[in-house]
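The lines below spell out each chain.
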Amino acid sequence: MTNFPKRGGSAIVGVAESDLGVVAPGTAPLDLMGQAIQSALADCGLTLGDVDGLFAAASQLRMPTLSLCEYLGIQPRYMDSSYIGGASFQSLAAHAALALEAGLCSVAVIAYGSTQRSARGSFVPQRDINEYDAPFRPRLPVTGYALAAARHMHLYGTTRSDLADIAVAARNWAQLNPKAFDRRPLSIDDVLNAPMVSSPLGVKDCCLVTDGGAAVVMVRADRAQGLRQKPVYLLGYGEAQEHHSISQMADLTDTGAARSGAQAYAMAGLVAKDIDVVQVYDAFTITTLLFLEDLGFCPKGEGGRFVQGGAIAPGGKLPVNTSGGGLSYCHPGMFGLFTMVEAARQLRGECGERQVADAQTAIAHGNGGVLAGQATLIFGTSSTL
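Keep in mind it's a predicted model, so treat the numbers as computed, not measured.

**Focus: the nonpolar core**
Ranked by size, the top nonpolar core spans 124 residues in total, and within it Ile110, Met218, Phe297, Met340 and Phe379 carry the most contacts. The element that contributes the greatest number of residues to this core is helix α3 (residues 88-102), accounting for 8 residues. When neighbours within four sequence positions are excluded, methionine 340 is seen to be in contact with Ile12, Phe89, Gln90, Ala93, Ile110, Val216, Ala364, Leu377 and Phe379. Counting residues in hydrophobic clusters, the runner-up holds 5 residues, among them Ala167, Val168, Leu186 and Val191.

**What about helix α12 (residues 336-348)?**
For α12, spanning 13 residues, the distance from its first C-alpha to its last is 19 Å, which sits close to the expected 18 Å at 1.5 Å a residue. Counting buried positions along α12 gives 13 out of 13 residues, so the element sits mostly inside the fold. Remark: glycine 349 follows α12 within two positions and exhibits a positive phi of approximately 75°.

**Re the side chain of glutamate 293**
Along the chain, the position of glutamate 293 falls in helix α9 (residues 285-294). What makes glutamate 293 buried here is its relative accessible area of 5%. A distance of 2.8 Å separates a polar side-chain atom of glutamate 293 from the backbone nitrogen of glycine 303. Look past the residues within four positions of glutamate 293 in its chain and what remains in contact with it is His152, Cys298, Pro299, Lys300, Gly301, Glu302 and Gly303.

**Some remarks on the sheet that holds strand β4 (residues 107-114)**
In a beta sheet, neighbouring strands are held together by backbone hydrogen bonds and run either parallel or antiparallel to one another. An order of β3-β2-β4-β7-β1-β8-β11-β10-β9 is seen for the 9 strands of this open sheet, with the pairing classed as mixed. One side of each edge strand has no neighbouring strand; the edge strands of this open sheet are β3 (78-80) and β9 (277-280). Each strand of the sheet is rotated relative to its neighbour by a mean of 25°, with strand direction disregarded. The strands touched by helix α2 (residues 64-72) within the sheet are β2 (53-56), β3 and β4, with β2 carrying the most contacts at an inclination of about 125°.

**Quick look at unusual backbone geometry**
Going from leucine 140 to proline 141, the amide bond is cis rather than trans, its omega being 10°. Tracing the sequence through the fold places proline 141 in the loop between β4 and α4 (142-156). Cis rather than trans, the peptide bond between serine 199 and proline 200 has omega equal to 10°. Note that proline 200 resides in the loop between β5 (196-198) and β6 (201-202). Of note in the backbone geometry, aspartate 358 takes a positive phi value of approximately 55° without being a glycine. One can find aspartate 358 in the loop between α12 and β10 (361-368).

Definitions and cut-offs
- Residues numbered from 1 in each chain as written.
- Predicted model: local features only at pLDDT ≥ 70, side-chain atom pairs only at ≥ 80, totals over all residues.
- Heavy atoms only, no water.
- Core = buried A, V, L, I, M, F, W, Y, C linked by side-chain atoms within 4.5 Å.
- Buried < 20%, exposed > 50% of the residue type's maximum accessible area, 1.4 Å probe, protein only.
- Helix = DSSP H or I, 4+ residues; strand = E, 2+ residues; numbered from the N terminus.
- Contact = heavy atoms within 4.5 Å.
- Expected span 1.5 Å × (residues − 1).
- Polar contact = N/O pair within 3.5 Å; in protein donor to acceptor, adjacent residues only side chain to side chain.
- Pairing = 2+ DSSP bridges.
- Axes fitted to C-alpha atoms, helices over the stretch in contact; angles between N-to-C directions.

See below:
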């Protein structure tokens, strides 16, 4: 396959979150985007005046790049707000890398912000309705993920306890992250005894609902050397969009991550066993399991057994969602950008108690819609170039 964007041709040089959890009254999504952007630029020693490429996706803004340019008072040379749900940010990172390599911009910022928790009751995300599914009254997105979980259990003997292992692992990581929204103790029994939402998924199988925003700054590799932070290089990218409605998914246990991951590995020249840190979009416990299988960390059908006994928790055999993920760290509507923030921090070695020793490679995988759009990024330190 073609190596575009070029392996190692661009790098993340700045990352930041905005306020997370429950933000102050009157705070708007643009405020959170602005906070995160200013902090990410400060992280790498750049300013708003340096930004000439702006990339954004949002569920509360119809034209996020235009609104954000107006809010920030900037007029970048290049903008992109392509939208594939929670996988948008991985896709936008690839678009940013291409724009940087083509000389369309020199400093690219990717941003997101949402007040989904604060706006509950006053904001309803737009959702495309499949007129053939609608008569069955699915409660999306949880109904779709519950279908995938039930099918996996039927085919492979996966249990609710296996899924609970995923929720507990995420909480154990969150307890090491001072910024995580929910750091309370969580046991397997707590997950299994929590109220059912859509069988077989209970409340603790579902992601948080929080406010929050994040931003990532990218530049070409040659410029990255002179900035404040250690560069985190983009080694591989892949994308797969195979359906929109869950009823049209060819196999409920086989996601497009298998295709996007294969593309990313081929570009990076790596395989799953070469990855030190795994950040996957965990809107529900079943998504972590499916993506671990489809990204090659265990065979199809073995995900339930793979995660048992703290295997993906601190001290386990594979560090997964080391921030606490969408299940325990934050989930302001879309989580894709936050996987990139945590991947960069791990490769920069700045995660404190949750730091993975000698991390040199990381996956940041995004999921959009109901297991619909999938996008995979592989990052590495300078030692991987």
